[in-house]
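Examining the three-dimensional arrangement
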Amino acid sequence: MRKRLTIITPSYEDQISLKELFLGLNQALHLIGNNVDVSLVYVNDSPWNYFPIDNLVDAVKTPLTSFSISEIIGLNLCQNLGHQKALITGLAYAYSKYE
């Protein structure tokens, strides 16, 4: 039986750090092997700075299939709620999707 790991992170006008997080996680996740399905959920808490997921993959300049992260989900909030509420939003999303 495959295990699931979901990583949730808030983001506020911080695509550069998000790119670094993405690359660092990918390197670390290679160590756990391929029997784990890994999803990355980022919650954009900056409504005036919409950041589509394709921009992240393009910024890394590597096809998604070569990463250990099997799924990347971007949630764009319609207003700035703060990082704690952004985390709760990500948790609620992951819980409803993977319950």
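Residues numbered from 1 in each chain as written. Predicted model: local features only at pLDDT ≥ 70, side-chain atom pairs only at ≥ 80, totals over all residues. Heavy atoms only, no water.

1. Some thoughts on the overall build of the chain
Within the chain one finds three helices and three strands. The buried share among the 99 residues of the chain stands at 33%. Residue pairs at least 24 apart in sequence account for 82% of intrachain contacts in the chain once pairs closer than 6 positions are excluded. When the accessible surface of the chain is summed, it comes to about 6,100 Å², and 57% of that surface belongs to carbon and sulfur atoms. (Helix = DSSP H or I, 4+ residues; strand = E, 2+ residues; numbered from the N terminus. Buried < 20%, exposed > 50% of the residue type's maximum accessible area, 1.4 Å probe, protein only. Contact = heavy atoms within 4.5 Å. Areas by Shrake-Rupley, 256 points an atom, 1.4 Å probe, with all protein chains shown as cover.)

2. Let's talk about the nonpolar core
In this structure, I7, F22, L25, L29, V36, V38, L40, I69 and I72 together form the largest nonpolar core, which totals nine residues. Those elements that provide at least two residues to this core are α1 (15–29) and β2 (36–44). The residues contacting L25, other than those within four sequence positions of it, are I7, L40 and I69. (Core = buried A, V, L, I, M, F, W, Y, C linked by side-chain atoms within 4.5 Å.)

3. Some remarks on the confidence of the model for the chain
Atom-level detail of predicted coordinates should not be read off regions where pLDDT is low. This prediction gives the chain a mean pLDDT of 78; 78% of its residues lie at or above 70. The lowest-confidence element of the chain is helix α2 (residues 53–60), averaging 60 in pLDDT; the highest-confidence one is helix α3 (residues 83–98), averaging 91. (pLDDT = per-residue confidence, 0-100.)

4. A short note on the sheet that holds strand β1 (residues 3–11)
With parallel pairing, the three strands of this open sheet are ordered in space as β1-β2-β3. Looking at which strands have only one partner, the edges of the open sheet turn out to be β1 and β3 (71–76). Neighbour to neighbour, the strand axes of the sheet diverge by 15 degrees on average, direction disregarded. Sheet topology note: the β2/β3 ladder contains six bridges and is parallel. Within β3, the residue paired with N44 across the bridge is N76. Along the sheet face, α3 touches β1, β2 and β3 and points at about 155 degrees away from the line of β1. (Pairing = 2+ DSSP bridges. Axes fitted to C-alpha atoms, helices over the stretch in contact; angles between N-to-C directions.)

5. Some remarks on a nonpolar patch on the surface
On the surface, a nonpolar cluster with roughly 300 Å² of combined accessible area is contributed by L5, L31 and I32. Its place among the elements puts L5 in strand β1. With a relative accessible area of 34%, L5 lands in the partly exposed category. (Patch = residues over 30% accessible without salt bridge, like charges linked within 9 Å, V, L, I, M, F, W, Y side chains within 5 Å. Salt bridge = Lys/Arg side-chain N within 4 Å of Asp/Glu carboxyl O.)

6. Some points on the environment of T6
Tracing the backbone shows T6 in strand β1. Classification of T6 as partly exposed rests on a relative accessible area of 26%.

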